[in-house]
Amino acid sequence: MAKKVKSTVKINIEAGKATPAPPIGPSLAPHGINLMMFCKEYNARTAQQAGNIIPATITVFSDNSFTFVLGTPPTAQLIRKGAGVDKGSGVPNRNKVGKITRAKVKEIAQLKMKDLNAIDIEGAMKQVEGSARSMGIEVID
Amino acid sequence: MQHAQSATPPENPRWLEVEIDAEEELADPISEAIYEHVEGGVAIEQLNDRLGTADRWEDELATGPIKVRGYLPMDETLESRKLAIEKAIFYLGMVRPIAAPRYRVVEQSDWANAWKVAFKPLRLGKRIVIRPSWISAAEFPSQPGDVTLLLDPGLAFGTGLHPTTQMCALAVEEQTRPGMRVLDVGAGSGVLAILAAKFGAREALGVDTDPEADRATRENAAINGVADVVTSRRGSLADAAEERPFDLVVANILAGVIIAMLRGTPSLASYGPRFIFSGILDTQAADVIAAMEAAGLRLVERKLIADWVCLIGERATG
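Per chain, residues are indexed from 1 in the order of the written sequence. The lettering of chains begins at A and the numbering of ligands begins at 1, in the order of writing. Residue-level local features of this predicted model are given only where pLDDT is at least 70; pairs of side-chain atoms are given and counted only at 80 or more, and the full residue set underlies all totals for whole chains, interfaces and linings. For the side-chain quantities, the full set of heavy atoms in the structure was used; hydrogens and water were omitted.

1. A few points about the overall build of chain B
Applied cut-off: Comment: elements are numbered from the N terminus, with helices defined as DSSP H or I runs of at least four residues and strands as E runs of at least two. Burial classes follow relative accessibility: with a 1.4 Å probe on protein chains only, a residue under 20% of its type's maximum area counts as buried, one over 50% as exposed, and anything between as partly exposed. For this analysis, residues touch if any pair of their heavy atoms sits within 4.5 Å.
Along its length, chain B carries eight helices and 14 strands. Buried residues in chain B amount to 52% of all 318 residues. Once local pairs closer than 6 in sequence are excluded, the contacts in chain B between residues at least 24 apart make up 65%.

Okay, here's the thing in structure tokens:
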């Protein structure tokens, strides 16, 4: 019999740092997910990427079994890292908080390509550039 | 496991849950906006409101309302965090309307027990049965020769369901002889130390840096009637240095932690002659074996379930 999908839960947490504390405990336990099993699997599979936010999208089935796939770090985090700033701008059109090179934008676009709905790398770069500008970070050559 | 040594946490910590309804395109921006103000990270939940409508699960999608949730510790930072979240949502809301966040107090006990309903007794290998206390012996009759472990999976690692725990349990069964002294590093729930006691170990010491694990090991040892054999303390391998050598050392943690332990412990081989290592993905096994050899151990057996391995080593002679 086909398994039935009960819900999906996406968790944005830091690689290698899953514990049964919030947000994992309260958001996964009500779905019948074995918390320790999830934490161990997540930590083992993200250990190499410490320091990055690695989203996990968990699909829960009606028999309480689950599978999960790991995503790539959020664009905004990669942009902040690439520009070397801690925070985006609150008023992005007036206060510029940093600069990012087009080469870095391309790197981010390549990494995020599979998660973006862009047909080619140029399209993906445009999306990343747009995100950077909306954070008050200038794109330079 | 990744907790540093810290004060014992309160029995039942409370948190303020922030919940924000989100349209699909806004879920990630909202998550991003509140991420730095909440503890640990953000969860985005979507229920499937058309359960079982597709023929294949691959085609089935959760299409219900999306909720973004974060959690705030109930301490002096609470009000400023709440304010920062409301400000961030207000600005995002200028682009597209977002409903005001909802708040609710949650307690650890709300979720610590929620998934237990799905936990069934489990048979490992031929003889080991792991049974939660809320299922009676009559509901799950044992067979002659069974070694039954009463184990309530709490918030400490090691509930018998994970492939690594399964392999370690079998390895402990194979390696333990009556009268042995066993050390369980990263004891978690204490399952392996207790199992060693059940198989005749004279002494089984569990160490774990997580205070929750220390508590769980003691409780589980008492429930299983082996509190006189199993002892527990907070700490790591080095904290058992005075009691060495052991006949058997078992460490079911993660590859990175095990490699650090193998490299960082002076005269590691003096802790055993026999070692069981698990919590290692197949792709990481070569690195662990290299670290074992550098530490003066010889690989004698390797178990594999799914893509997880369990490595059994022995002090190399000569």
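2. Brief notes about the packing of aromatic side chains
All names here are of chain A. Just so we agree on the cut-off: Aromatic pairing here means that ring centres of Phe, Tyr or Trp (its six-membered ring) are within 6.5 Å. Orientation follows from the plane angle: under 30 degrees is stacked, over 60 is edge-to-face, and everything else is tilted.
For the structure shown, the criterion picks out five aromatic pairs over all chains. Look at F38 and F66: their rings are 6.4 Å apart centre to centre, the planes differ by 65°, and that puts the pair in the edge-to-face class. Here F38 is found in helix α2 (residues 35-46), whereas its partner F66 is found in strand β3 (residues 66-70), with 28 residues between them in sequence. Here F38 and F68 contribute two aromatic rings whose centre-to-centre distance is 5.1 Å and whose plane-to-plane angle is 70°, an arrangement assigned as edge-to-face. Of this pair, F38 sits in helix α2 while F68 sits in strand β3, and the two are 30 residues apart along the sequence. Judged by relative accessible area, which is 0%, F38 ranks as buried.

3. Let's talk about the environment of A33 of chain B
Residue and element names in this part refer to chain B. Secondary-structure assignment places A33 in helix α1 (residues 24-35). A residue is classified by how much of its surface remains accessible, and A33, at 18% relative accessible area, is buried. On a C-alpha basis, the gap between A33 and L92 in space is 8.1 Å, while along the polypeptide they are 59 residues apart. Setting aside anything within four residues of it in sequence, one finds A33 in contact with A88 and L92.

4. Overview of the confidence of the model for chain B
Residue and element names in this part refer to chain B. Let me state the cut-off plainly: Think of pLDDT as the predictor's per-residue confidence, scored from 0 to 100.
When pLDDT is averaged across chain B, the result is 86; 87% of the residues are at 70 or more. Across chain B, strand β8 (residues 181-185) holds the top mean pLDDT of 97, while helix α3 (residues 108-112) sits lowest at 78. In the predicted structure, residues 1-7 sits below a pLDDT of 50 and forms 16 contacts with residues beyond four places in sequence or in another chain. The ipTM for the predicted assembly is 0.79, set against a pTM of 0.68.

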